[in-house]
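Close look at the chain arrangement
Spelled out from the first residue to the last, the chains are:
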Amino acid sequence: MKMNVEITRFKVRAGKRKQVDEWLAFLNENMSEVLLTLEKEKMYVETIFREVLEGQEFLYWYSVQGDGGQEVEESTHWIDKKHLDYWKECIDPTFAPVKLTTEVVMIPDNIRQKMQ
(Lines give C-alpha, C1' and ligand atoms only; values in the text may rest on other atoms or scores of the structure.)
Protein backbone atom coordinates (compact mmCIF):
# COMPACT_ATOMS: atom_id res chain seq x y z
CA MET A 1 0.00 0.00 0.00
CA LYS A 2 1.33 3.43 -0.96
CA MET A 3 0.99 6.10 1.68
CA ASN A 4 1.68 9.80 1.52
CA VAL A 5 3.27 11.00 4.74
CA GLU A 6 3.80 14.72 5.00
CA ILE A 7 4.01 17.74 7.22
CA THR A 8 3.41 21.24 5.87
CA ARG A 9 3.72 24.64 7.55
CA PHE A 10 1.17 27.39 6.91
CA LYS A 11 1.38 30.96 8.13
CA VAL A 12 -1.55 32.37 10.09
CA ARG A 13 -2.79 35.82 9.06
CA ALA A 14 -1.84 38.59 11.46
CA GLY A 15 -4.51 39.24 14.07
CA LYS A 16 -6.25 35.88 13.62
CA ARG A 17 -5.10 34.13 16.81
CA LYS A 18 -8.59 34.24 18.36
CA GLN A 19 -10.14 32.76 15.20
CA VAL A 20 -7.51 29.99 15.18
CA ASP A 21 -8.41 29.24 18.81
CA GLU A 22 -12.06 28.96 17.73
CA TRP A 23 -11.14 26.81 14.70
CA LEU A 24 -9.12 24.29 16.66
CA ALA A 25 -11.75 24.18 19.42
CA PHE A 26 -14.42 23.63 16.73
CA LEU A 27 -12.51 20.64 15.35
CA ASN A 28 -11.93 19.16 18.80
CA GLU A 29 -15.55 19.69 19.87
CA ASN A 30 -16.87 18.05 16.68
CA MET A 31 -14.33 15.24 16.45
CA SER A 32 -16.91 12.50 15.79
CA GLU A 33 -18.07 14.38 12.67
CA VAL A 34 -14.49 15.22 11.66
CA LEU A 35 -13.53 11.55 11.81
CA LEU A 36 -16.46 10.62 9.54
CA THR A 37 -15.03 12.82 6.76
CA LEU A 38 -11.56 11.27 6.85
CA GLU A 39 -12.61 7.95 5.29
CA LYS A 40 -13.43 9.44 1.87
CA GLU A 41 -10.13 11.32 1.97
CA LYS A 42 -8.29 8.06 2.76
CA MET A 43 -6.80 10.04 5.61
CA TYR A 44 -5.43 7.61 8.18
CA VAL A 45 -3.83 10.19 10.47
CA GLU A 46 -4.21 13.96 10.48
CA THR A 47 -2.73 16.15 13.19
CA ILE A 48 -2.49 19.93 13.48
CA PHE A 49 0.41 21.51 15.35
CA ARG A 50 0.68 25.15 16.37
CA GLU A 51 3.82 27.24 16.80
CA VAL A 52 4.78 30.87 17.32
CA LEU A 53 8.18 31.88 15.92
CA GLU A 54 9.46 35.40 16.46
CA GLY A 55 5.93 36.62 17.06
CA GLN A 56 4.47 34.95 13.94
CA GLU A 57 2.02 32.10 14.27
CA PHE A 58 2.16 28.96 12.13
CA LEU A 59 0.03 25.83 11.83
CA TYR A 60 1.54 22.53 10.71
CA TRP A 61 -0.49 19.73 9.15
CA TYR A 62 0.92 16.24 9.61
CA SER A 63 -0.85 13.51 7.69
CA VAL A 64 -0.68 9.90 6.64
CA GLN A 65 -2.94 9.40 3.66
CA GLY A 66 -3.63 6.70 1.11
CA ASP A 67 -3.66 7.34 -2.62
CA GLY A 68 -6.80 8.42 -4.43
CA GLY A 69 -8.68 10.02 -1.57
CA GLN A 70 -11.20 12.79 -2.01
CA GLU A 71 -9.86 16.34 -1.62
CA VAL A 72 -11.37 18.22 1.30
CA GLU A 73 -12.44 20.95 -1.14
CA GLU A 74 -14.65 18.38 -2.93
CA SER A 75 -16.50 17.40 0.24
CA THR A 76 -20.13 18.38 0.72
CA HIS A 77 -20.07 17.59 4.46
CA TRP A 78 -20.92 20.58 6.67
CA ILE A 79 -17.88 20.03 8.90
CA ASP A 80 -15.52 20.32 5.92
CA LYS A 81 -17.28 23.44 4.66
CA LYS A 82 -16.89 25.11 8.08
CA HIS A 83 -13.26 23.92 8.27
CA LEU A 84 -12.54 25.54 4.89
CA ASP A 85 -14.26 28.76 6.00
CA TYR A 86 -11.86 28.95 8.94
CA TRP A 87 -8.98 28.11 6.58
CA LYS A 88 -9.84 31.01 4.27
CA GLU A 89 -10.17 33.38 7.19
CA CYS A 90 -7.03 32.34 9.07
CA ILE A 91 -4.36 31.07 6.65
CA ASP A 92 -2.21 33.70 4.91
CA PRO A 93 -2.47 33.07 1.14
CA THR A 94 0.56 35.29 0.43
CA PHE A 95 2.88 32.90 2.30
CA ALA A 96 3.96 29.87 0.29
CA PRO A 97 3.32 26.73 2.38
CA VAL A 98 6.50 24.95 3.43
CA LYS A 99 6.36 21.22 2.84
CA LEU A 100 9.05 19.53 4.90
CA THR A 101 10.93 16.67 3.28
CA THR A 102 9.94 13.19 4.41
CA GLU A 103 13.11 11.21 5.09
CA VAL A 104 12.03 8.19 7.13
CA VAL A 105 8.60 6.65 7.71
CA MET A 106 8.40 4.18 10.57
CA ILE A 107 5.05 2.39 10.56
CA PRO A 108 5.11 -1.32 11.42
CA ASP A 109 3.60 -3.64 8.81
CA ASN A 110 0.80 -4.77 11.13
CA ILE A 111 -0.29 -1.14 11.54
CA ARG A 112 0.03 -0.44 7.79
CA GLN A 113 -2.22 -3.42 7.06
CA LYS A 114 -4.88 -2.12 9.44
CA MET A 115 -4.77 1.28 7.76
CA GLN A 116 -5.87 -0.18 4.43
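Note that this is a predicted model, so its numbers are computed, not measured. (Residues numbered from 1 in each chain as written. Predicted model: local features only at pLDDT ≥ 70, side-chain atom pairs only at ≥ 80, totals over all residues. Heavy atoms only, no water.)

Turning our eyes to something else, we now look at helix H1 (residues 17-29). If you check H1, its first and last C-alpha atoms are 18 Å apart, about what 13 residues at 1.5 Å a residue would give, namely 18 Å. The set of residues buried in H1 consists of Gln19, Val20, Trp23, Leu24, Phe26 and Leu27. Burial along H1 is one-sided: seen end-on, the buried residues are contained in an arc of 155°. Those residues of H1 that are exposed and angled more than 90 degrees off the buried face are Lys18, Asn28 and Glu29. For H1, the secondary structure elements touched by its buried residues are helix H2 (31-41), strand E2 (43-53), strand E3 (56-66) and helix H3 (78-90). (Helix = DSSP H or I, 4+ residues; strand = E, 2+ residues; numbered from the N terminus. Expected span 1.5 Å × (residues − 1). Buried < 20%, exposed > 50% of the residue type's maximum accessible area, 1.4 Å probe, protein only. Arc of directions from axis to C-beta. Contact = heavy atoms within 4.5 Å.)

Attention now goes to the confidence of the model for the protein. Chain-level statistics for the protein give a pLDDT mean of 94 and a share of 99% at 70 or above. When pLDDT is averaged over each helix and strand of the protein, the minimum, 87, is found for helix H4 (residues 109-115) and the maximum, 98, for H1. (pLDDT = per-residue confidence, 0-100.)

Here we take up the environment of Glu41. Mapped onto the elements, Glu41 comes out in helix H2. Distance from Glu41 to Ser63, taken between C-alpha atoms, is 11 Å for residues 22 residues apart in sequence. For Glu41, the contacting residues outside a window of four places in its chain are Glu46, Gln65, Gly69, Gln70, Val72 and Asp80.

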